[in-house]
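Spelled out from the first residue to the last, the chains are:
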Amino acid sequence: MGNQASKVIEKTKERKERRSKNNRRRSTITLGGRSHSSLMMAATKSMQANYDWIDEKQDSNNMPPPPPPVMTKSRRQSITEFFSARKKSMVQDDFKEYDRLQRQHYLLKSARKSNTWGQIESGMTIVDVGTGNGIWALEIASEQLNCKVIGLDLHPPAEQQGKPKNLNYHEADITETWPLESESVDYIFQRSMGLAIQKEQWPHVLNEMLRVLKPGGIIELVEPDLWHHNPGPVQRAFDEYYQQQCIELGVDFAFTEVIEKEMDTIGFTDLEHRTIDVPIGEWPQDSELKQFGFINKEIQKAYLRNKKSYYMSKWNIAPDDYELAVQEIMTEFEDYHGFSRFNCWIAKKPM
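Along each chain, residue indices are assigned from 1 in the same order as the chain's sequence is written. Per-residue local features of the predicted model are confined to residues with pLDDT of at least 70, and side-chain atom pairs are confined, for both listing and counting, to 80 or more; whole-chain, interface and lining totals are unaffected and use all residues. Side-chain metrics rest on all non-hydrogen atoms present in the structure, leaving aside hydrogens and water.

Engineer: So what about the overall build of the protein? Which residues, and what values?
Structural biologist: Helix and strand definitions follow DSSP, with helices as H or I runs of at least four residues and strands as E runs of at least two, each counted in order from the N terminus. Along the backbone of the protein there are 10 helices and 9 strands. Among the 351 residues that make up the protein, the fraction classed as buried is 51%. Contacts are assigned to residue pairs with any non-hydrogen atoms lying within 4.5 Å of each other. Look at the contacts in the protein between residues 6 or more apart in sequence, and 77% of them connect residues 24 or more apart. Accessible surface, the protein: about 17,100 Å² in total, of which carbon and sulfur atoms supply 47%. With a 1.4 Å probe rolled over the protein chains alone, any residue whose accessible area is under 20% of its type maximum counts as buried; one over 50% counts as exposed, and the rest are partly exposed. Values of accessible area rely on a 1.4 Å probe in the Shrake-Rupley scheme; residue burial ignores everything except the protein chains shown.

Here's what the structure looks like:
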């Protein structure tokens, strides 16, 4: 760990000394072939992100918009009460991470202009896999009062004031058999579970989705690439360490490159893959992208701050050195035009 710490600190100090906005090099991370066993970090020209989604209109033939939500007078009040009570039951470190994830939820909801890209219909049974703090399930249940919403998680939210009657949470390990009947679910949503599912566990998780879905049922997976696009040298050093940690944990660092093939092999049909590239920082000229970039940068900063004790312990570095590295990464996001890529897959169980 000492070598990695030295690399981060060295890169940070070098970057601080050599920074020149008029003559800077850009770097990117590229995936060699489609192999998910190795990730190539290359200092090459800047990777061009796709921001066409900012003006994109959904094709009503291929991607029907969800029906208007069933609004209630107390919807916003219920959500506020739920999370106010949730905050009181959590230790400070847990709350900081839940708060970061909640901000990420609203960022993605704003960028996607919806909580789902698949079609939600009245009377559906909807499952939120890895529900976490429960915000997605809570909003769907509050909007779709005629649907039954179930959140699955190892540590689901406790029963709290303000939870809609059509929402229930189940404690479940999604890498084992799910506590749901076969062909009992219409819609499955999963987001940001790439670090929680080991490479060898993905076939089982996808098979469980296929098992519990009704014929014609829909899955929607929203998963970010685990690496940063267009990283600077300090961020690249962090990502290299992050990749090594994934290997040790049995997690596929590049699972987003192969999950589509896995879904096809399992038996899902009508598969559609879309991506959203969200800038990190206020470097875009477009005002909406700039706003998204500001929020995403704050989310990235919060993640690094939440992991401060972990990295300081693993690398045996001083608090000042870690803060210097975080500050430098924030600058690199602006200088190198960094962005996060979120992938969305929608598929159906055959009839």
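Here the narrative resumes, following the displayed structure.
Engineer: Summarise the sheet that holds strand β9 (residues 339-348); cite the residues concerned and give the values.
Structural biologist: With respect to topology, 7 strands assemble into an open sheet ordered β5-β4-β3-β6-β7-β9-β8, the strand pairing being mixed. Because the sheet does not close on itself, it has two edges, and the strands there are β5 (167-171) and β8 (269-279). Neighbour-to-neighbour, the strand axes of the sheet open up by a mean angle of 15°, direction not taken into account. Only strands joined by at least two bridges in the DSSP assignment are considered to pair. The pairing of strand β6 (residues 185-191) with strand β7 (residues 213-224) spans 6 bridges and is parallel. Following the sheet pairing, V185 is matched in β7 by L213. Axis lines are fitted through C-alpha atoms, for helices just across the contact stretch, and the angle between N-to-C directions can take any value from 0 to 180 degrees. Across the sheet, helix α4 (residues 135-143) lies against β3 (125-129), β4 (148-153), β5 and β6, angled at about 150° from β5, the strand it touches most.

Engineer: Tell me about the packing of helix α6 (residues 233-249) against helix α10 (residues 319-335), residues and numbers included.
Structural biologist: Running from N to C, α6 and α10 point in directions that differ by 115°, and their axes come no closer than 8 Å. Taken together, the axis directions place α6 and α10 in an arrangement best described as roughly perpendicular. Listed contacts from α10 to P233, V234, Q235 and F238 of α6 are Y322, A325, E328, I329, E332 and F333. Counted by class, the contact of α6 with α10 contains 7 nonpolar, 1 polar and 2 charged residues. For classification purposes, an angle smaller than 35 degrees is called roughly parallel, one larger than 145 roughly antiparallel, one from 65 to 115 roughly perpendicular, and anything else oblique. Put simply, Ala, Val, Leu, Ile, Met, Phe, Trp, Tyr, Cys and Pro go in the nonpolar bin, Asp, Glu, Lys and Arg in the charged bin, and everything else, Gly too, in the polar bin.

Engineer: Account for the side chain of R191, with residues named and values stated.
Structural biologist: Among the structural elements, R191 can be located in strand β6. In the analysis that follows, any N or O atom pair within 3.5 Å is treated as a polar contact, provided that within protein one partner can donate a hydrogen and the other can accept it, and provided that, for residues neighboring in sequence, both atoms belong to side chains. One polar contact links R191 to H105, side chain to side chain, over a distance of 3.0 Å. In contact with R191, other than residues within four places in its own chain, are H105, L108, V129, I135, W136, V222 and E223.

Engineer: Could you give me a rundown of the packing of helix α8 (residues 287-306) against α10, with the residues and numbers involved?
Structural biologist: At their nearest, the axes of α8 and α10 sit 11 Å apart, and the two run at 160° to each other. In terms of axis orientation, α8 runs roughly antiparallel to α10. For α8 against α10, the interelement crossing comes out right-handed. Facing K297, Q300, K301, L304 and R305 of α8, the residues of α10 in contact are Y322, E323, V326, I329, M330, F333 and E334. Should the near helix be turned anticlockwise from the far one by less than a right angle, the crossing is termed left-handed; should it be turned clockwise, right-handed.

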